[in-house]
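# Summary of structural features
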Amino acid sequence: QKEVEQNSGPLSVPEGAIASLNCTYSDRGSQSFFWYRQYSGKSPELIMFIYSNGDKEDGRFTAQLNKASQYVSLLIRDSQPSDSATYLCAALSGSARQLTFGSGTQLTVLP
Amino acid sequence: GAVVSQHPSWVICKSGTSVKIECRSLDFQATTMFWYRQFPKQSLMLMATSNEGSKATYEQGVEKDKFLINHASLTLSTLTVTSAHPEDSSFYICSKLGAGANSYNEQFFGPGTRLTVL
């Protein structure tokens, strides 16, 4: 059973702070990992993906992957109220190119 | 990112009726599309993988006779919820894979269809 675990939160941070979102996965064969943001009532939108150990930065977002620990994280720097949403972690594994999603972490950035 | 549309964006129907949801790839052909269902406060659950020109692959526990998937062209996949009941009320979202040499199998989602069965 492939599983992706996330702390459901809610996580609250003040505006301008760093928000740290964490995710673990069970399938060591997972190849790539994705972070999606989902606003209430909307569909998920891709923030970024990572497939190599280490850090990957894109603007205010940094994804971190540690395959030995089966751990993925997303850091949001200079958090803004508009970042308030549910963040979904997903892992890709298998030839079917299917994603397994975590349950999501609800983030609230307080003005 | 890739562009995916869904129609309708919301639908309300009576119990026992069938509802068809369309998912279109607007910018490039999509041989593979995915259908998800999301209940309130829950994550996305994959229902099936839709393959152009062949039968869809359904996830365990998803009734293929109830959720009919047709992927007749490279830009359109449809999901028909047959004999809908109130427990089928949910947010249905389709997605497609990214394309090109820089793609790492990321998925791009349509805007979703909110189904309410009375």
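Anyway, here's the lowdown on the structure attached to this text.

Here the focus is the overall build of chain B. Along its length, chain B carries 0 helices and 11 strands. A compact globule built from 118 residues should have a C-alpha radius of gyration of about 13 Å, and chain B, at 14 Å, falls within 12% of that. Projected onto its principal axes, the C-alpha positions of chain B cover 45 × 30 × 25 Å. A total of 118 residues make up chain B; the buried ones form 52% of that total. The long-range share in chain B, meaning contacts at least 24 apart out of those at least 6 apart in sequence, stands at 54%. Working note: accessible area of chain B is about 5800 Å², and carbon and sulfur atoms make up 52% of it.

Along chain A, the regular secondary structure elements total 0 helices and 11 strands. If you list the helices and strands of chain A from N to C, you get β-β-β-β-β-β-β-β-β-β-β. Expected size for 111 residues packed as a compact globule is a radius of gyration near 13 Å; at 13 Å, chain A falls within 12% of this value. Across the 111 residues that make up chain A, the buried fraction comes to 43%. A sequence separation of at least 24 residues applies to 54% of the contacts in chain A between residues at least 6 apart. For chain A, the exposed surface amounts to about 5200 Å²; the carbon and sulfur share of it is 46%. Mean positive and mean negative side-chain charge positions of chain A (9 and 10 charges, respectively) differ by 7 Å.

Moving on: the pattern of salt bridges. Following the criterion strictly, the structure yields 7 salt bridges over all chains and no others. Here the salt bridges do not stand alone but share partners, grouping Arg37, Glu45, Arg60 and Asp83 of chain A into one network.

This part is about the packing of aromatic side chains. Across all of its chains, the model carries 9 aromatic pairs over all chains by this definition. Considering the side-chain rings of Tyr25 of chain A and Phe33 of chain A, the 4.4 Å spacing of their centres and the 40 degrees angle between planes classify their relative orientation as tilted. Considered together, Tyr25 of chain A and Phe33 of chain A belong to a single accessibility category, that of buried residues. With 6.0 Å between their ring centres and 65 degrees between their planes, Phe101 of chain A and Phe109 of chain B make a pair best called edge-to-face. Of this pair, Phe101 of chain A sits in strand S10 (residues 98-101) while Phe109 of chain B is found in strand S10 (residues 107-109), placing the two residues in two different chains. Here Phe101 of chain A falls in the buried class, since its relative accessible area comes to 9%. Among the aromatic residues, ring-to-ring pairing joins Tyr36 and Phe101 of chain A together with Tyr36 and Phe109 of chain B into one connected group.

On to the pairing of strand S9 (residues 85-93) of chain A, then. All names here are of chain A. Of all 9 residues in S9, 8 are buried; the element is thus mostly enclosed. When strand S4 (residues 32-38) meets S9, the two strands line up antiparallel, connected through 7 bridges. Within S9, the residue paired with Tyr36 across the bridge is Leu88. Note that S9 and strand S11 (residues 105-110) share 3 bridges and pair antiparallel. Residue pairing in the sheet places Ala85 in a bridge with Leu107 of S11. Of the strand pairs in this sheet, S9 and S10 are connected by 4 bridges, and their pairing is antiparallel. Across the sheet, residue Leu92 finds its bridge partner in S10, namely Leu99.

What counts, and where the lines are drawn
- Residues numbered from 1 in each chain as written.
- Chains lettered and ligands numbered in written order.
- Predicted model: local features only at pLDDT ≥ 70, side-chain atom pairs only at ≥ 80, totals over all residues.
- Heavy atoms only, no water.
- Helix = DSSP H or I, 4+ residues; strand = E, 2+ residues; numbered from the N terminus.
- Rg over C-alpha atoms; globule rule 2.2 N^0.38 Å.
- Buried < 20%, exposed > 50% of the residue type's maximum accessible area, 1.4 Å probe, protein only.
- Contact = heavy atoms within 4.5 Å.
- Areas by Shrake-Rupley, 256 points an atom, 1.4 Å probe, with all protein chains shown as cover.
- Lys, Arg positive; Asp, Glu negative; His and termini not counted.
- Charge placed at Lys NZ, Arg CZ, Asp CG, Glu CD.
- Salt bridge = Lys/Arg side-chain N within 4 Å of Asp/Glu carboxyl O.
- Phe/Tyr/Trp six-rings, centres within 6.5 Å; stacked < 30°, edge-to-face > 60°.
- Pairing = 2+ DSSP bridges.

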